[in-house]
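Architecture at a glance
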Amino acid sequence: IRAADVVNPCLIAGLLAIALTIVRFTLPASVVQLIGLVNDITTPASLLVVGIAIAKLPLRAILGSWRIYVVMLFRLILFPVVVWSILAPFVEDPVVLGVAVVVHAMPAAAVLPMLAHEYGSDEESILQGVFLTTVFSAVTIPLLMLLLVH
C-alpha cells in the first residue's frame, strides 16, 4: 500500500480537526462565518453538478441495468428492514428506532459521482444509482414511515 492511496485531503482535514479540538483551538469569527457560507453552498452545488451530469446521459443510460435495481432493493428496502429487525428488540423509543431505520433507507449520496470522477471509477453507474435511489426513495421512505408508525 502506498501512502498516496491512504492519505487524502479528507483524512488530513479530519486529523487536523481532532488535533485542533484536543488543544482547544478556536477559529476567528470571520473564518467560522466563511466556513459556514461554504457549508451552505456545498449541497446545492453538488446537486447541480450531479444534475448536469445526469442531463448529459441518454434516458436508456439513466434507467440503468438490472443490477442497479438489485442494489436499490437492498439499499432502499432490505437494509432498513434488517436494521429494524436488529434494533427493535433493544430500542424502546420509537423515535430513535425510526431515525435509525430511515437513515438506512436514504438514497445514495450526491457526492458519490464526484468521487467516482475524481478516482476514475464508473461514473455512469454511480449517477444511475444516485438518480434512481433518489426517485424511488420518494415512494419507499413515506411507505417506510407509514409502516413504522403502525
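A short tour of the structure in this document, coming up. Values in this document were obtained by computation on a predicted structure and should not be read as measured data.

**With respect to helix 8 (residues 123-149)**
Over its 27 residues, helix 8 runs 37 Å from end to end, which matches the ideal 39 Å to within 8%, given 1.5 Å per residue. Ser 137 marks where helix 8 bends most, by close to 45 degrees. Buried within helix 8 are the following residues: Leu 127, Gln 128, Gly 129, Val 130, Leu 132, Thr 133, Ser 137, Thr 140, Ile 141 and Leu 144. Those residues of helix 8 that are buried lie in contact with helix 3 (29-55), helix 4 (59-63), helix 5 (66-87), helix 6 (94-103) and helix 7 (112-118).

**Concerning the packing of helix 3 against helix 8**
Interhelical geometry of helix 3 versus helix 8 gives an angle of 110 degrees and a closest axis separation of 10 Å. Considering the angle they form, helix 3 stands roughly perpendicular to helix 8. Where helix 3 approaches helix 8, its residues Val 50, Ala 53 and Ile 54 are matched on the opposing element by Leu 127, Val 130 and Phe 131. Of the residues belonging to the contact of helix 3 with helix 8, the class tally is six nonpolar, no polar and no charged.

**Observations concerning the side chain of Thr 140**
Within the element layout of this structure, Thr 140 appears in helix 8. Assessed through its relative accessible area of 16%, Thr 140 is described here as buried.

The rules behind these values
Residues numbered from 1 in each chain as written. Predicted model: local features only at pLDDT ≥ 70, side-chain atom pairs only at ≥ 80, totals over all residues. Heavy atoms only, no water. Helix = DSSP H or I, 4+ residues; strand = E, 2+ residues; numbered from the N terminus. Expected span 1.5 Å × (residues − 1). Bend = angle between axes of the 7 residues up to and from the residue. Buried < 20%, exposed > 50% of the residue type's maximum accessible area, 1.4 Å probe, protein only. Contact = heavy atoms within 4.5 Å. Axes fitted to C-alpha atoms, helices over the stretch in contact; angles between N-to-C directions. Parallel < 35°, antiparallel > 145°, perpendicular 65-115°, else oblique. Nonpolar A, V, L, I, M, F, W, Y, C, P; charged D, E, K, R; others polar.

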